[in-house]
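Notes for the structure review
Spelled out, the chains give:
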Amino acid sequence: CGEKDKDSNVFLLNFDNGYTHECYDDYLKARITSIIMLISTLENFMNHIMPIGFTYSKIQNEKTKIFNIEEIELSVFFKEKIEKVIPQIIKNEQFWDSRSKDLEVLLELYEQRKKFIHLKTNSEEEWKRYSETFIKMLEFDILEAINTSINFMNSIEEKFVEIEK
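The rules behind these values
- Residues numbered from 1 in each chain as written.
- Predicted model: local features only at pLDDT ≥ 70, side-chain atom pairs only at ≥ 80, totals over all residues.
- Heavy atoms only, no water.
- Helix = DSSP H or I, 4+ residues; strand = E, 2+ residues; numbered from the N terminus.
- Buried < 20%, exposed > 50% of the residue type's maximum accessible area, 1.4 Å probe, protein only.
- Lys, Arg positive; Asp, Glu negative; His and termini not counted.
- Salt bridge = Lys/Arg side-chain N within 4 Å of Asp/Glu carboxyl O.
- Polar contact = N/O pair within 3.5 Å; in protein donor to acceptor, adjacent residues only side chain to side chain.
- Contact = heavy atoms within 4.5 Å.
- 1 Å grid on protein atoms, 1.4 Å probe; cavity = no way out; pocket = protein on both sides within 12 Å on 5 of 7 lines; lining within 4 Å.
- Points joined across faces, edges and corners; volume = space filled by probe spheres on them.
- Nonpolar A, V, L, I, M, F, W, Y, C, P; charged D, E, K, R; others polar.
- Expected span 1.5 Å × (residues − 1).
- Core = buried A, V, L, I, M, F, W, Y, C linked by side-chain atoms within 4.5 Å.

1. As for the side chain of R31
Mapped onto the elements, R31 comes out in helix 1 (residues 22-48). Buried charged residue R31 carries no salt bridge. Nearest counter-charge: D141, at 6.9 Å. A polar contact is formed between the side chain of R31 and the backbone oxygen of M137, at a distance of 2.8 Å. Here R31 is in contact with M137, L138, F140 and I142, once residues within four sequence places are set aside.

This is the structure:
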């Protein structure tokens, strides 16, 4: 799709002013879908590894709140689940200590997904409303997020994800 520039790995798309090219639209849809599905995969994985009868507790308004599995799945947000619940499930409270970069990538992945699910206007000018969200999404290293997600899951459940060669 498009013509390859002679001097680089850049592909040029011909399109009319004021319109986008079908290939570019498909590329954006693929990136957005990848981000959304990757977070869904992580959410499903975290729910999958909770043992039957598992409970999560935290101090909330000076009281101890205990969540059962269903309550965790429905009312504990992704960030808390990945940072706090997962270490309790795997009985390793220091799980993220040596994986802070991985945690950062996974939380940024979640932020990317959240920005597209809850698309907000960032400007009063129509053509600028969503541009910041799209720019950040295009700059986001999706391959790093995929690899980090795989490493995260495999560090908890060995060979949970296997790559065919």
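2. Describing the layout of surface pockets
If a probe as big as a water molecule is rolled over the atoms, it shows which places are left empty. Reported here for the largest pocket is a volume of approximately 160 Å³. In terms of lining, the largest pocket is formed by E43, E73, L74, S75, V76, F77, F78, K81, Y110, R113, K114 and H118. Elements with a contribution of two residues or more to the lining of the largest pocket: helix 2 (69-75), helix 3 (78-89) and helix 4 (100-117). Residues that form the lining of the largest pocket fall into these classes: 5 nonpolar, 2 polar and 5 charged.

3. Focus on helix 6 (residues 142-156)
Think of an α-helix as turning once every 3.6 residues; residues three or four places apart then point the same way. Taking 1.5 Å of rise per residue, the 15 residues of helix 6 would be expected to cover 21 Å, and the 21 Å separating its terminal C-alpha atoms lies within 8% of that figure. Every buried residue of helix 6 is listed here: I142, A145, T148, S149, I150, F152 and M153. Buried positions along helix 6 lie against helix 1, helix 3 and helix 4.

4. Some thoughts on the nonpolar core
In this structure, L42, I72, F78, I82, L109 and F152 are the most contacted members of the largest nonpolar core, which totals 35 residues. Mapped onto this core, the elements with two or more residues apiece are helix 1, helix 3, helix 4 and helix 6. The greatest single-element share of this core, amounting to 8 residues, is contributed by helix 1. Every residue in contact with L42, bar those within four places of it in the chain, is listed here: F78, L106, L109, S149, F152 and M153.

5. A word on unusual backbone geometry
Not every positive phi belongs to a glycine, and E62 is a case in point at roughly 65 degrees. By relative accessible area, which is 80% here, E62 ends up exposed. A positive phi angle is found at K91, which is not glycine, with a value near 55 degrees. Summarising the element assignment, K91 is placed in the loop between helix 3 and helix 4.

6. Here we look at the environment of K136
Along the chain, the position of K136 falls in helix 5 (residues 131-139). Using a relative accessible area of 35% as the deciding quantity, one classes K136 as partly exposed. For K136 and K115, which are 21 residues apart along the polypeptide, the C-alpha to C-alpha distance reads 9.9 Å. Residue contacts for K136: discarding those within four places in its chain leaves Q112 and K115.

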